[in-house]
Amino acid sequence: MLNIELQNNVHTILKNIFNENEQILDFIKTKGAKIEYPKERKFGDYSTPAAMQLAKILKKNPFEIAGQIKAELEKNDKYEKVDVVKPGFINIFLSNEVLFHELKTIQEQKENYSKPKEQKEKIIFEYVSANPTGPLHIGHGRWAALGDTLSRILKWAGYTVFREFYVNDAGVQVKNLNKTVEALKNNEPVPEDGYHGEYVKEVLDYGGEPIDFFLEQQKQTLSEFRVEFDNYFSEKKELHDKNNVKKVIEDLKSKGLTYEQEDALWFKSTEYGDDKDRVLIKSDGNYTYFSPDIAYHKTKINRGYNKIINFFGADHHGYIKRIKAAVNALSEKKVKFDVIIGQLVSLFREGEPVRLSKRTGTMITLSEVIKEIGTDATRYFLTAIKADTPLDFDLALAQKKSSDNPVFYIQYAFARMNSIVKKAQEKNVEITFKFEPVEFQDAERDLIVKILKYPEEILDAAKQLEPHRVTNYLLDIATLFHKFYESCKVIDENDLNTTQMRMFIVFSVRQALETLLGLLGINAPERM
RNA sequence: GCGCCCGUAGCUCAGCUGGAUAGAGCAUCAGACUUCGAAUCUGCAGGUCAGAGGUUCGAAUCCUCUCGGGCGUGCCA
């Protein structure tokens, strides 16, 4: 990646200029020279405030430092021009040869362009994990879309990712569901602690266990949503039937991390950062919900993962510290534990709130949303916004097949590229990619520089666990492509040199867009 | 009370590991189709980045406090 290369070059220059000064070495090791993408074209393709970062440390004039760095950078012919501006910004303009070279690499390496080769950590990533007592709702859809997208991103970034859905098939809610179904079958009123939604009646025609019905239904919905899992982990079969809950509690006991108080068994979670100790076995002899969850996380550790990532709804955030405490206790702090918090989704239609209470039966299911606006649009809207931000989702807006809708905007860009290729064939314009370099138009240069950034965007998203970055980036690309399309006619039979160059750009952008859409699980249609 | 999250354009949201004049989409208004798809593009307008202090060459971004909203704070799951 050009930005990393530039950073390394700057670092090397700094070492040379300042004779391996200790402060410099420390700066390089800890912070490093920041490489930025200026908002304005006149500030270059890349920019670094490195001189200003160092001015404080070295107690020197930033403008002078910048001048020294500039002089060295200019010796590298990859950098067409290097400017020093005002307080000490260094602005770097790439040579056209470098840009063409990178575009060529994108075409050759396809989705592997700049993909990290080294193997990173083994991650077990849990998301959705809805109770199998009803259909998935839009909130689950958010975890599903973000989780699925993030796992694709993490895989691209070199992590080994195992995607898991925890099936809560052994708790009180299962009993309550069964009681509800029993009552309905006998035409009796649904018990107070039962499930009152209309959807429960769907089970009545089903022969097997109600839970299996809903689990299958959920799997079906997820499949339509292009969300896959490597494993559905049954609490009942994997934990209770195998006695794992009891075992993990014995484990904690033997480590001296439990105590009895008021007839209950407690876990000393405060020793691992929790706010208070937690009950494992209630005074009535039953496990709390927490106990099987500890056992579950113990299996994650035992299965050899060195990083655990969970996607929790915001209503479960109070639960994080105790799980983390358990993981730390059981792995002796060797396994990393990360939680992504997802805020809730509120559904609207034409500005009017749509209720989704499970109890009232007026709930809108994920399946219905997908049916109404399609998998592509649903995935887009649910991954375009940071997981941490509460999301207002307007069904009417997402359904519009017009310019209001960014999904179509992006897909249209892709379709347009294909349309150009098709046109070239119709006109018998041979695609050779042989051309003499021509000065770029602004729209061309903007598009190219943006495209070359894509591996970096994916890696950032992976590092920060923020898939929405990729979604937003995709929109930026589409915007720049449409601008390019308007101002730079690709096929011009009177200027075959420019035609070849622009075809070359189109092929590169198309390849990048295809890779990115793949990560988001959104279709890249040839035509629309 | 305590803890976590949020507060950016009329609306929905980016930008937050400190950098140059705070961005996009929608909505409003004015324009562009004999030319690769107008599902597009160009332009106008729209802001005390909730507020107040602080840190520094530089703060939407970091720190403190205040206000407003959501969630959590069970021997519930």
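For the structure, see preceding data.
None of these values were measured; they are calculated from a predicted model.

### Let's talk about the side chain of asparagine 91
Alright, step 1. Relative to the helices and strands, asparagine 91 is located in strand 3 (residues 89-94).
Alright, step 2. When near neighbours in sequence (up to four residues on either side) are disregarded, asparagine 91 contacts Phe43, Gly44, Tyr46, Ser47, Lys81, Val82, Asp83 and Val85.

### Details of the pattern of salt bridges
Alright, step 1. On inspection of all chains with the given rule, the structure shows 34 salt bridges.
Alright, step 2. With its nearest N and O atoms 3.9 Å apart, the salt bridge here joins glutamate 228 to arginine 163. Of this pair, glutamate 228 sits in the loop between helix 8 (210-224) and strand 6 (231-234) while arginine 163 sits in strand 5 (residues 160-167); the two residues are 65 residues apart in sequence, bridging distant segments of the chain.
Alright, step 3. Overall, glutamate 228 belongs to the partly exposed group, its relative accessible area being 48%.
Alright, step 4. Given a relative accessible area of 10%, arginine 163 falls into the buried group.
Alright, step 5. Across the pair aspartate 338 and lysine 307 runs a salt bridge, and its minimum N-O distance is 3.7 Å. Highlighted residues: aspartate 338 in strand 11 (residues 336-342) and lysine 307 in strand 10 (residues 307-313), separated in sequence by 31 residues.
Alright, step 6. On the accessibility criterion, aspartate 338 (28% relative accessible area) is partly exposed.
Alright, step 7. Because the salt bridges share partners, they merge into one network encompassing Arg41, Asp442 and Asp446.

### Regarding the nonpolar core
Alright, step 1. Counting residues in hydrophobic clusters, the biggest one holds 124 residues, and the most contacted among them are Leu73, Phe125, Val128, Leu154, Phe393, Phe484 and Leu516.
Alright, step 2. It is helix 20 (residues 496-520) that provides the largest number of residues to this core, a total of 12 residues.
Alright, step 3. Excluding anything up to four places from it in sequence, leucine 73 contacts Leu6, Asn9, Val10, Ile13, Tyr79, Val82, Ile90 and Ile92.
Alright, step 4. The next biggest cluster of nonpolar side chains, apart from the first, holds 32 residues, and it includes Val248, Phe267, Phe312 and Leu330.

### Description of helix 8
Alright, step 1. Helix length check: helix 8, at 15 residues, gives a terminal C-alpha distance of 22 Å against a target of 21 Å (1.5 Å per residue), a fit within 8%.
Alright, step 2. Of the positions making up helix 8, those classed as buried are Pro210, Ile211, Phe213, Phe214, Leu215, Gln218, Thr221 and Leu222.
Alright, step 3. Among the structural elements, helix 6 (138-156), strand 5, helix 7 (172-185), strand 6 and helix 13 (366-373) are those in contact with the buried residues of helix 8.

### Points about the sheet that holds strand 3
Alright, step 1. Pairing within the open sheet is antiparallel, and its 3 strands lie in the order 1-3-2. At either margin of the open sheet sits one strand with a lone partner, and together these are strand 1 (46-48) and strand 2 (79-85). With direction set aside, neighbouring strand axes in the sheet form an average angle of 20°.
Alright, step 2. Sheet topology places strand 2 next to strand 3; 6 bridges connect them, and they run antiparallel.

Criteria and cut-off values
- Residues numbered from 1 in each chain as written.
- Chains lettered and ligands numbered in written order.
- Predicted model: local features only at pLDDT ≥ 70, side-chain atom pairs only at ≥ 80, totals over all residues.
- Heavy atoms only, no water.
- Helix = DSSP H or I, 4+ residues; strand = E, 2+ residues; numbered from the N terminus.
- Contact = heavy atoms within 4.5 Å.
- Salt bridge = Lys/Arg side-chain N within 4 Å of Asp/Glu carboxyl O.
- Buried < 20%, exposed > 50% of the residue type's maximum accessible area, 1.4 Å probe, protein only.
- Core = buried A, V, L, I, M, F, W, Y, C linked by side-chain atoms within 4.5 Å.
- Expected span 1.5 Å × (residues − 1).
- Pairing = 2+ DSSP bridges.
- Axes fitted to C-alpha atoms, helices over the stretch in contact; angles between N-to-C directions.

Geometric descriptors of this kind do not, in isolation, establish any biological role.
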